[in-house]
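# Reading the structure
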Amino acid sequence: RIYYDESEKFEDESLSSLIKEIMEIFNKIEKEYSFKDEFSNGVIKNHIHLLFYLLIRNENQINKAIKGNLYVSEAISFVKENFHSDISLTEIAKNLAISVEHLSRLFKKETGETLSSFITRMRVEEAQKLLLETDLSLAQISSQVGFEDQSYFSKVFKKYTGTTPGTVYRRS
């Protein structure tokens, strides 16, 4: 049995409805397959035809949703691999061959946070890990997670965590 997670949120209600309808067709095919009588093959073929009809009719909507998700996934991967260096929205968008504005809109729509905020959060989370697990200096850590200025790093760290990097997170 195939289940559709109804808590999955799509901005486009019709996309949620379409996915639910597709899942229902798959479940009907599976149910019909278990009957295995003389009508099963014909009923299954009809369900498959309906499935293809829905996919073809909604091809643009499906492609748009998939493409948006792929861009966001690729942007996240790029950030995770490169957050330690000086990366910009322009560089990420150029790497994905889309405009900065389009990437920013897609990212915010899919994740609920801006790409800039995501980059900063990744850097702060990595800094927290390094502060707890290494004996590196604050200057080394701030540089390693992509901040050129240690005092700016401390300011951003405090904004995201509520404390300075030198207080709570330093091992004794």
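Let us look at the structure shown here.

Conventions and cut-offs
Residues numbered from 1 in each chain as written. Predicted model: local features only at pLDDT ≥ 70, side-chain atom pairs only at ≥ 80, totals over all residues. Heavy atoms only, no water. Salt bridge = Lys/Arg side-chain N within 4 Å of Asp/Glu carboxyl O. Helix = DSSP H or I, 4+ residues; strand = E, 2+ residues; numbered from the N terminus. Phe/Tyr/Trp six-rings, centres within 6.5 Å; stacked < 30°, edge-to-face > 60°. Buried < 20%, exposed > 50% of the residue type's maximum accessible area, 1.4 Å probe, protein only. Lys NZ or Arg CZ within 6 Å of the ring centre and 35° of its normal. Expected span 1.5 Å × (residues − 1). Arc of directions from axis to C-beta. Contact = heavy atoms within 4.5 Å. Polar contact = N/O pair within 3.5 Å; in protein donor to acceptor, adjacent residues only side chain to side chain.

Our focus in this paragraph is the pattern of salt bridges. Taken as a whole and judged by the stated rule, the model has three salt bridges. Among the ionic pairs, Arg121 bridges to Glu113, the shortest N-O distance being 2.6 Å. Put simply, Arg121 and Glu125 hold a salt bridge, and the shortest N to O gap is 3.0 Å. Taken together, the residues Arg121 and Glu125, both in helix H6 (residues 115-133) and four residues apart, mark about one turn of the helix. If you follow the salt bridges from partner to partner, you end up with Glu113, Arg121 and Glu125 in one network.

Applying the stated criterion to the full structure yields four aromatic pairs. Between Phe153 and Phe157, the aromatic rings sit 5.7 Å apart at their centres with planes inclined by 55°, giving tilted as the arrangement. In this pair, Phe153 and Phe157 are both assigned in helix H8 (residues 150-161), four residues apart and thus about one turn of the helix distant. In this structure, Phe153 and Phe157 share a single accessibility class: buried. An aromatic cluster of at least three residues, connected via ring pairs, comprises Phe147, Tyr152, Phe153 and Phe157. Against the face of Phe147 rests Arg123, its NZ or CZ located 5.8 Å from the ring centre.

For Thr120, the position within the fold is in helix H6. A relative accessible area of 18% means that Thr120 is categorised as buried.

Each α-helix winds once per 3.6 residues, and so residues spaced three or four apart point in a common direction. Helix length check: H8 (12 residues) gives 16 Å between terminal C-alpha atoms against 16 Å at 1.5 Å per residue, within 8%. Within H8, the full set of buried residues consists of Phe153, Val156 and Phe157. For H8, the buried positions fall inside an angular range of 105° around the axis, keeping them on one side. For H8, the exposed residues set more than 90 degrees away from the buried face come down to Ser151, Lys155 and Lys159. In the core, the buried residues of H8 are packed alongside H6 and helix H7 (138-144). By the N-cap criterion, in which a side-chain oxygen at the helix start approaches the backbone nitrogen of a residue two or three places on, H8 is capped by Asp149, the distance to Ser151 being 2.8 Å.

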